[in-house]
Amino acid sequence: MKQISTTAEMHAVRRSLSGTVGLAPTMGYLHAGHVALVTRARAENEHVIATIFVNPTQFGPNEDLTAYPRDFPRDFALLAEAGCDIVFTPSPDAIYPPGFQTYVTVEEVAQPLEGARRPGHFRGVATVVAKLFNLTRPTRAYFGQKDAQQVRVIQTMALDLNFDLEIVVCPTVREPDGLAMSSRNAYLTPEQRRAAPALYRALTVGQEAWNHGERDPERLRGRMAEVLAAEPLALVEYISAADARTLAELHESASGNVLLSLAVRIGRTRLIDNLVL
Ligand code: AMP
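Just so you know, these numbers come straight off a predicted model, no measurement behind them. (Residues numbered from 1 in each chain as written. Predicted model: local features only at pLDDT ≥ 70, side-chain atom pairs only at ≥ 80, totals over all residues. Heavy atoms only, no water.)

## Looking at the domain arrangement of the protein
Now for step 1: Domain boundaries in the protein define domain 1 (2–170) and domain 2 (187–276).
Now for step 2: Computed from C-alpha coordinates alone, the two centres of domain 1 and domain 2 are separated by 26 Å.
Now for step 3: Each partner contributes residues to the interface: domain 1 has 16 residues there, and domain 2 has 16 residues.
Now for step 4: Here domain 1 meets domain 2 over a buried area of about 1300 Å², counting both sides, of which 54% is carbon and sulfur.
Now for step 5: Across the contact surface, domain 1 and domain 2 share one salt bridge.
Now for step 6: Put simply, domain 1 and domain 2 have six residue pairs in polar contact (both at pLDDT 80 or more) between them.
Now for step 7: Listed by contribution, the elements that provide at least two residues to the side of domain 1 that touches domain 2 are α5 (113–117) and α7 (148–160). (Domains from an automatic or database assignment. Contact = heavy atoms within 4.5 Å. Buried area = accessible area lost by both parts, 1.4 Å probe. Salt bridge = Lys/Arg side-chain N within 4 Å of Asp/Glu carboxyl O. Polar contact = N/O pair within 3.5 Å; in protein donor to acceptor, adjacent residues only side chain to side chain. Helix = DSSP H or I, 4+ residues; strand = E, 2+ residues; numbered from the N terminus.)

## Focus on the packing of aromatic side chains
Now for step 1: This structure, assessed with the given rule, holds seven aromatic pairs.
Now for step 2: Residues F59 and Y68 carry aromatic rings whose centres are separated by 5.9 Å and whose planes lie at 80° to one another, so their mutual orientation is edge-to-face. Here the two residues F59 and Y68 agree in accessibility, since each one is buried.
Now for step 3: Pairing F133 with F163 gives two aromatic rings, centres 5.3 Å apart and planes at 70°, and the pair type is edge-to-face. Taken together, the residues F133 in helix α6 (residues 121–136) and F163 in the loop between α7 and β6 (166–170) connect sequence positions 30 residues apart.
Now for step 4: Every member of this aromatic cluster is reached through a ring pair, and the members are F53, Y96, F100 and Y103.
Now for step 5: Here R123 stacks its cationic end above the ring of Y103, 3.7 Å away from the centre of that ring.
Now for step 6: The ring of W210 is capped by R215, whose NZ or CZ atom sits 3.6 Å from the centre of that ring. (Phe/Tyr/Trp six-rings, centres within 6.5 Å; stacked < 30°, edge-to-face > 60°. Buried < 20%, exposed > 50% of the residue type's maximum accessible area, 1.4 Å probe, protein only. Lys NZ or Arg CZ within 6 Å of the ring centre and 35° of its normal.)

## Quick look at the site of the ligand
Now for step 1: Surveying the vicinity of the ligand reveals 16 residues, the closest of which are M27, H34, D147, V173 and M181.
Now for step 2: A distance of 2.8 Å is found between a nitrogen atom of the ligand and a backbone nitrogen or oxygen belonging to V173.
Now for step 3: Relative to its free-state accessible area of 480 Å², the ligand is covered by the protein chains to the extent of 92%.
Now for step 4: If you list the elements that add at least two residues to the shell around the ligand, you get β2 (21–26), α2 (32–44) and β5 (140–144). (Near = heavy atom within 4 Å. Areas by Shrake-Rupley, 256 points an atom, 1.4 Å probe, with all protein chains shown as cover.)

## Let's talk about the nonpolar core
Now for step 1: Core analysis: the largest hydrophobic core is formed by 43 residues, its most contacted members being V129, F133, F143 and M157.
Now for step 2: Listed by contribution, the elements that provide at least two residues to this core are α1 (7–16), β2, β4 (86–88), α6, β5, α7 and β8 (258–266).
Now for step 3: Per-domain counts for this core show at least three residues from each of domain 1 (2–170) and domain 2 (187–276).
Now for step 4: Beyond its immediate stretch of four places on either side in the chain, V129 contacts F143, I154 and M157.
Now for step 5: Counting residues in hydrophobic clusters, the runner-up holds 27 residues, among them L188, A195, A198 and L199. (Core = buried A, V, L, I, M, F, W, Y, C linked by side-chain atoms within 4.5 Å.)

## Observations concerning the environment of I167
Now for step 1: Residue position: I167 is located in strand β6.
Now for step 2: The class for I167 is buried, based on a relative accessible area of 18%.
Now for step 3: In the structure, I167 is positioned 25 residues away from Y142 in sequence and 6.1 Å away in space, judged by C-alpha atoms.
Now for step 4: Among residues more than four places away in sequence, those in contact with I167 are F133, A141, F143, I154, Q155 and A158.

Have a look at this one:
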């Protein structure tokens, strides 16, 4: 596996590749969810590029940019084992050199949910992903359903800006007790870790209600709220039942695909999860 850290070398190496390229962008501290993206990219493309970049523009001033966990040696071993050919690990200065002033802003779909609680987050995400698309010119780019709104933002950006590539959405990989894998799970104390599966339990209770015919979005949110209220360490930020395409919160009886999603604080750790009905 080849490691690249400058944009000049990334462009040069990309020019030398012929055939299909799969891209898996990450912030590192990899787990089985990331590995699943790389494994799928390996199966579907001639060349596989993973990126590790903790993108400063997607973190708010009071978020965990400096504390974000990092472990390159372990990440490289996992990527090599999953069949990655190239790992791109640019520095913040390589991506945002002095004088940088061009950003990508996706509008409606970036506004609710995470967008409302993390101002500027999706502007940072869309900007870095657009840059990574230009640097690696992938045939297919792989993203996790774990970050459902991020997927909708990137799909919208790719369509609106005519990126000639396919966005592949991979299922959320979970721990045996249902907790969605996340680099941020490393922040949890053992007691908090025991509380964290409450998110997935709440989502599955919402899904069961849906499967039994419940179509009132307020009642779906209420069922999820009851489960979370029973977990004393869980502090709810939002509980949503939204249109899975527009992400607009539902108020009338739901008909099309519904995205159930949650953001919950456990101690100082902010966890998100979702299910599509
Ligand atoms: P991150 O390193 O958190 O920015 O995530 C990089 C990519 O991995 C994103 O497309 C995420 O949606 C995806 N991802 C993160 N956690 C999971 C998971 N548990 N299952 C599937 N994909 C995931």
